[in-house]
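Overview (structure and organization)
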Amino acid sequence: MTSANAANRLIAHYLGTARRLPWRRLPGQGAPDPYAVWLSEVMLQQTTVAAVAPRFERFLDRWPTIEALAAAPDEEILSEWAGLGYYARARNLIACAREVARLGRFPETEAELRRLPGIGDYTAAAVAAIAFGERTAVVDTNVRRVVARLKGAVAPSDADIRAWVLAMTPAERPGDLAQAMMDLGATICRPKGPLCGQCPLVSHCLAATSGDPERFPAPKLKSSRPQRFGTVYWIERQDCVWLVRRPPSGLLGGMAALPGSDWNDAPSTQPPLARVRHVFTHFALDLAVVAAAEPGGEGWWQPLDAIDQAGLPTLYRKAVDAVLASAERRAAA
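Throughout what follows, the structure given in this document is the object of discussion. For clarity, every value in this text was computed on a predicted model and none was experimentally measured. (Residues numbered from 1 in each chain as written. Predicted model: local features only at pLDDT ≥ 70, side-chain atom pairs only at ≥ 80, totals over all residues. Heavy atoms only, no water.)

So, about the overall build of the protein. Broken down by element type, the protein carries 14 helices and 7 strands. C-alpha extents for the protein along the principal axes are approximately 70 × 50 × 30 Å. In the protein, which comprises 333 residues, the share counted as buried stands at 46%. Sequence separation of 24 or more characterises 66% of the internal contacts of the protein that already satisfy a separation of 6 or more. Counting only carbon and sulfur atoms, one obtains 52% of the accessible surface of the protein, whose full area is about 16400 Å². Distance from the positive charge centre (38 side chains) to the negative charge centre (34 side chains) of the protein: 7 Å. (Helix = DSSP H or I, 4+ residues; strand = E, 2+ residues; numbered from the N terminus. Buried < 20%, exposed > 50% of the residue type's maximum accessible area, 1.4 Å probe, protein only. Contact = heavy atoms within 4.5 Å. Areas by Shrake-Rupley, 256 points an atom, 1.4 Å probe, with all protein chains shown as cover. Lys, Arg positive; Asp, Glu negative; His and termini not counted. Charge placed at Lys NZ, Arg CZ, Asp CG, Glu CD.)

Encoded structure:
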């Protein structure tokens, strides 16, 4: 099967099986909104479609245009992002929105898009292909797996994958092919238990022919995560808890938080109200929540019955929930 035939067969399959997603325009529904395409791609980085879909709609309801998003205060955007994780994406989202608003439009080519703050190779290619119809290689984890299996490649290089994807990508409707490959990888050509019998490309897939498609591509070896420890302080007064905002740069930069120490290699020796464990990309954190009497520095009293509105990232929300459920707090109340 030629690359063109594979693309045609995959697009034909996509026309009948495409996932209905809030940011997607299906063939025949008109040109996609570049703002929606960009916002969804940023949100989907290392986050599932199921988690992103409702949050994407909330973002669009609150900021229906990129100009509206660019004009919003940082704290409001960061609070709305809370719970999606990988918070550097939110800071990059803000910077990118303001640059696009300054330019007056989204750039329309992969090369121009890559110059925007926080936009890497994949996001630039995806927006260029889906929103603007540029013929470019859109390669995410799902696409990489689909192409590696089709070619029977155990350890393909990034350059090989890009070349194979570009060879398949037609000049017309490149965005349809990109989304068709994403859907195929997400729903049929899955990492475990691929549904080869439902795949439109199975008769020409070398991985399927091998009888063991899960071998392709070989998984990357995972390194062990270092262990870190931290302490945060629970300061409560009249059914409110004292919150602060983390420094604007660094991990969880600009997010609401419980006040606390730096994260280091030694566990706290203070008796905690609760402990929580959280795994980041590059390390695991054990966090002790310790009672304290008085707040220090800048912050605010957040009513506990409105804690959902504080915009706490997952780590600190887990810490709050653990304390609220703790016997020690209930006894002291």
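Resuming the write-up.
Cis geometry marks the peptide bond from F216 to P217, where omega comes out at -20°. Of note in this structure, L252 is not a glycine but carries a positive phi near 60°. In this structure, L252 sits in the loop between β3 (240-245) and β4 (256-257). Here L252 falls in the buried class, since its relative accessible area comes to 4%.

So, on to the packing of aromatic side chains. Counted according to the given criterion, the structure contains 9 aromatic pairs. Their ring planes at 65° and their centres at 5.2 Å tell us that F59 and W63 sit as a pair that is edge-to-face. Residue classification places F59 among the buried positions, given a relative accessible area of 0%. A network of ring pairs unites the aromatic residues Y35, W38 and F106 as a single cluster. Lying across the ring of F283, R228 places its NZ or CZ 4.2 Å from the centre. For R246, the ring lying beneath its charged end belongs to W263, and the centroid distance is 4.9 Å. (Phe/Tyr/Trp six-rings, centres within 6.5 Å; stacked < 30°, edge-to-face > 60°. Lys NZ or Arg CZ within 6 Å of the ring centre and 35° of its normal.)

Our next topic: the state of the cysteines. Summed over the entire model, instances satisfying the criterion amount to 0 disulfides. Not engaged in a disulfide, the cysteine C189 finds its nearest cysteine sulfur in C199; these two sulfurs lie 6.3 Å apart. (Disulfide = S-S within 2.5 Å.)

In this section: the environment of A88. For A88, the position within the fold is in helix α6 (residues 88-103). Of the residues examined, A88 reaches a relative accessible area of 38% and is grouped as partly exposed. Distance in space between the C-alpha atoms of A88 and G28 is 35 Å, their sequence separation being 60 residues.

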